[in-house]
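So you can see what is in the structure, the chains are spelled out below.
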Amino acid sequence: MKIKTFLYCALLLMGNTTIKAQQSTKIIDAPASQRQRKITQFWIDRTQIQSAASLSAGPLTLSYARPAGVWQEALPLGNGQLGAMVFGGVADERVQLNESTLWAGHPQDPNNPKGKIYLPRIQQLLFEGKNKEAIDLADTTLMGLPKNIKPYQSLGELWFDMPHLKAEQYTRSLDLERALQQTSYVYNGVKFFRESFISAPANAMVIHYSASKKQALDLNFTWKRAQDFSCSADPADPTQLLLQGQIGQSAPADERGTKFAAIAKVILKGGKLINADGRIAITGADEITIIITAATDYPGLEHIAYPQTPVDIDPLASCRKVISSLNKQHYQQLKQAHIEDYQQYFNRVKLNLPDPEQDKLAKLPTDSLIRLTKELQKIPNTLVNKFFQFGRYLLISSSRPGHMPANLQGLWAWQMDPPWNADFHTNINLQMNYWPAEVTNLSELHKPLFDLTKALIPFGERTASKLYGAKGWVVHHLTDAWGYTAPADGVQGIWPMGSAWMAQHPWEHYNYTGDREFLKVQAYPIMKGAAEFILDFMVKIPEGKSFAGYWTTNPSHSPENSFVLPSGEVSSFTYGATMDTQIIRDLLQNCVEATKVLDCDPDFRQRCQAALTKLIPTQISKETGRIMEWIEDYKETEVNHRHTSHLFGLHPSNQISIVHTSELAEAAKKTLLSRGDHGTGWSLAWKINMWNRLHDGEHAYRLLYNLISDKTLPNLFDNHPPFQIDGNFGATAAIAEMLLQSQVRDKNNNYLIELLPALSHNMDQGSVTGLKARGNRTVNIQWENGKLKKAEILPSSNGPVCISYAGKQIERHGTKDTTVLITPDMFQ
């Protein structure tokens, strides 16, 4: 290592550490090539790892025998606003950070003024089978201006250098039960330990360094970003290193770009510090605590929608306020507050799938467990437990009330232009992110999605009016932090079903929680506005066409899929795609039920009921016996297409079930078989949920195996590829629904609690506590040899509790004070 001498001024540090003026000191300084390398997904730690520690990881700990070599191997931390990916390096550590509101772009009105004028002609062309003409016209008159949105971006990265070029007994880990990342190793006989977490109460990331020998800690670090930033010492506090910038300032300059700032504050116990030339260097410390916080000047969607008064947010001032509030808190205090806050969510659900070789498997790194899955041709239950809880961990870490909802990558993105902009995709991905929220007892974490949905309404109302001449509000296949609701990307983006699907989620939240006030104040206005658009948007099918006189959507897509017209022309643009009708049926039925619960809007209820009688029924192909994807039985261009959109009625809706619609359920099964058992990560997760709804636990497990063995990265992130987080969330929900379902109604219209409806023989023994069923029921289940041992329906409210097991149903009376005990002999 090079030795560099700095001259610096005296300052007083916490922990009675004094830095003297004019003193020479050794500063760890990486080679210029190391410091100046570009931001990439790859990372090289100069340290030679000579041996790994003897692992004996906790049942819910991800552990590894080497540092991350690529971003996709790093370990995620988050609190809903701040996110970090920690690489676990020795000589060279990298911590990549995100802030949930750091989006490129700015508010705009992207609605095409030609839309309403040319819509009738587009609809006529589609009814006449002139799809190509309709596509060309729609491309110039309905598409957003501009067609594309700007991306979510990485905040920046902290790069650390330490003089440790070899390490023994190395390990890094992520403790899911406490949301702590840890790295430890031995260098020259001294054990070094590093612990990181991101605290919601503190609104900060905390990194703590310690060693088994006093004065052993030497390191330096700096801020890095690919563009639009500066790194400097804080003139107000020499123990702080600042990152500041504004998106779009590189070229061309744009004064509307989001401004951002971050502070990394150092607190020392012993040792000396210098802050110069955009780098902090520390020598001879006993302990080092680094507190990191970040902020932007993003004003929030509600202010963008209603800009009544100017908002002047100073990101650096926001950061300084956070740091100041933490000045008197010691590391252990910050850690304890973080763990308590995190565990109030995480500890609600416990899944225990025992493994005969648990002790042996506990000594394997997590990436080795994934490889072992392929060798065994089954998933070790140890890994199923981790994978299930990892999905819950990610939701807790990326979706907290008061912050943005989880995007395509949750909270974590290292690029300036991540895949698909890391946006909010509303034709499956955003919704899938929240499938585990209710069933795995994380209802509060659903709130960011509701807040985004509510904030999008005024933008969606403008789009509905300008493009379609309709009331209500609409979102197409994606949106962003600026309220983009127009069609985007290409003609495939003319899919005005996003708002109708998003409106399903607040209704589900009501079903799981029984919160009537939420239904009245927040859920119902969202649902009604989405339905008003649909009722205005639908048109009557003309004479001479299939289902003449019925109402349908026009234009329409079955997301991202295409078909062959009788002429041989390949198209995706059509009218009346099956998914549209199923989403609409779901929305209108939910609106009808909501008006009955709230005893309101009888005229609107009647409109919805009338429309329901005019919707095209879900059809079965006479040729294939499968659910038809379009209004006509067109030939498919890709039988194994990743989207299974026309099975929306099976999942996440409840229109198709083996209980009430057995013929449609059989057709859905044939559809899934034709789609195949492979696909992208999120696609597999969706199909697992669908096989669960068909009560085929063995097939569901087979796809879960495919997902984990083939589409899961070493850090358990879903590998789409590239990384998308929806596969993680969808799979966690799927594991829960193998054990508990509640979407089907009984003869009295009560939700039916189905116990172990899709249990595989590979999971024939275990227990789960804390899962939620619709009707505001918390359920604990135990099973042995693939059969129910007992279940408990915990006290919640008075009224009938309807339970199903192995195809038989019973009813018990539940109260606010009594646990309902269920045993298998009750179903004899």
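Residues numbered from 1 in each chain as written. Predicted model: local features only at pLDDT ≥ 70, side-chain atom pairs only at ≥ 80, totals over all residues. Heavy atoms only, no water.

I'm lost on the overall build of the protein in this one. Help?
When its secondary structure is counted, the protein shows 21 helices and 35 strands. For the protein, whose C-alpha radius of gyration is 28 Å, the value lies close to the compact-globule estimate of 28 Å for 828 residues. If one aligns the C-alpha atoms of the protein with their principal axes, the spans along those axes are about 90 × 65 × 50 Å. Across the 828 residues in the protein, those meeting the buried criterion constitute 64%. Accessible surface, the protein: about 30200 Å² in total, of which carbon and sulfur atoms supply 49%. Between the averaged position of the 83 positive side-chain charges in the protein and that of its 82 negative side-chain charges there is a distance of 3 Å. (Helix = DSSP H or I, 4+ residues; strand = E, 2+ residues; numbered from the N terminus. Rg over C-alpha atoms; globule rule 2.2 N^0.38 Å. Buried < 20%, exposed > 50% of the residue type's maximum accessible area, 1.4 Å probe, protein only. Areas by Shrake-Rupley, 256 points an atom, 1.4 Å probe, with all protein chains shown as cover. Lys, Arg positive; Asp, Glu negative; His and termini not counted. Charge placed at Lys NZ, Arg CZ, Asp CG, Glu CD.)

In this structure, what is going on with the packing of aromatic side chains? I would like to understand it.
Describing an aromatic ring pair means giving the distance of the ring centres and the angle of the ring planes. Scanning the model with the defined rule gives 30 aromatic pairs in all. Each ring, one from Y185 and one from F192, has its centre 5.5 Å from the other, and the planes form 20°; the classification is stacked. With a relative accessible area of 2%, Y185 lands in the buried category. Ring centres of F450 and F518 lie 5.1 Å apart, and the angle between their planes is 50°; on these two criteria the pair is classed as tilted. Of the two residues, F450 is situated in helix 12 (residues 447–468) and F518 in helix 15 (residues 516–537); the sequence distance between them amounts to 68 residues. Residue class for F518 comes out buried when judged on its relative accessible area of 11%. Aromatic ring contacts, followed pair by pair, group W71, Y342, F346, F390, Y393, W412, F717 and F723 into a single cluster. Directly above the aromatic system of F346 lies the positively charged group of R392, at a separation of 5.5 Å from the ring centroid. The aromatic ring of Y751 is capped on one face by R745, whose charged end is 3.8 Å from the ring centroid. (Phe/Tyr/Trp six-rings, centres within 6.5 Å; stacked < 30°, edge-to-face > 60°. Lys NZ or Arg CZ within 6 Å of the ring centre and 35° of its normal.)

Which parts of the structure should I look at to understand unusual backbone geometry?
With an omega of -10°, the peptide bond between H720 and P721 qualifies as cis. Tracing the sequence through the fold places P721 in the loop between helix 20 (697–710) and helix 21 (726–739). Note the cis peptide between P721 and P722, where omega equals -5°. The backbone phi angle of N421 is positive, close to 65°, even though this residue is not glycine. Mapped onto the elements, N421 comes out in the loop between helix 9 (381–398) and strand 21 (424–425).

How do you make sense of the pattern of salt bridges when you look at a structure like this?
Close approach of charged atoms allows side chains of opposite charge to pair. Summed over the entire model, instances satisfying the criterion amount to 29 salt bridges. In this structure, R94 engages E157 in a salt bridge whose closest nitrogen and oxygen atoms are separated by 2.7 Å. In this pair, R94 is assigned in strand 7 (residues 92–99) and E157 in strand 8 (residues 156–161), connecting sequence segments 63 residues apart. With respect to class, R94 is no different from E157; both count as buried. (Salt bridge = Lys/Arg side-chain N within 4 Å of Asp/Glu carboxyl O.)

The values reported here are purely geometric and, on their own, carry no functional implication.
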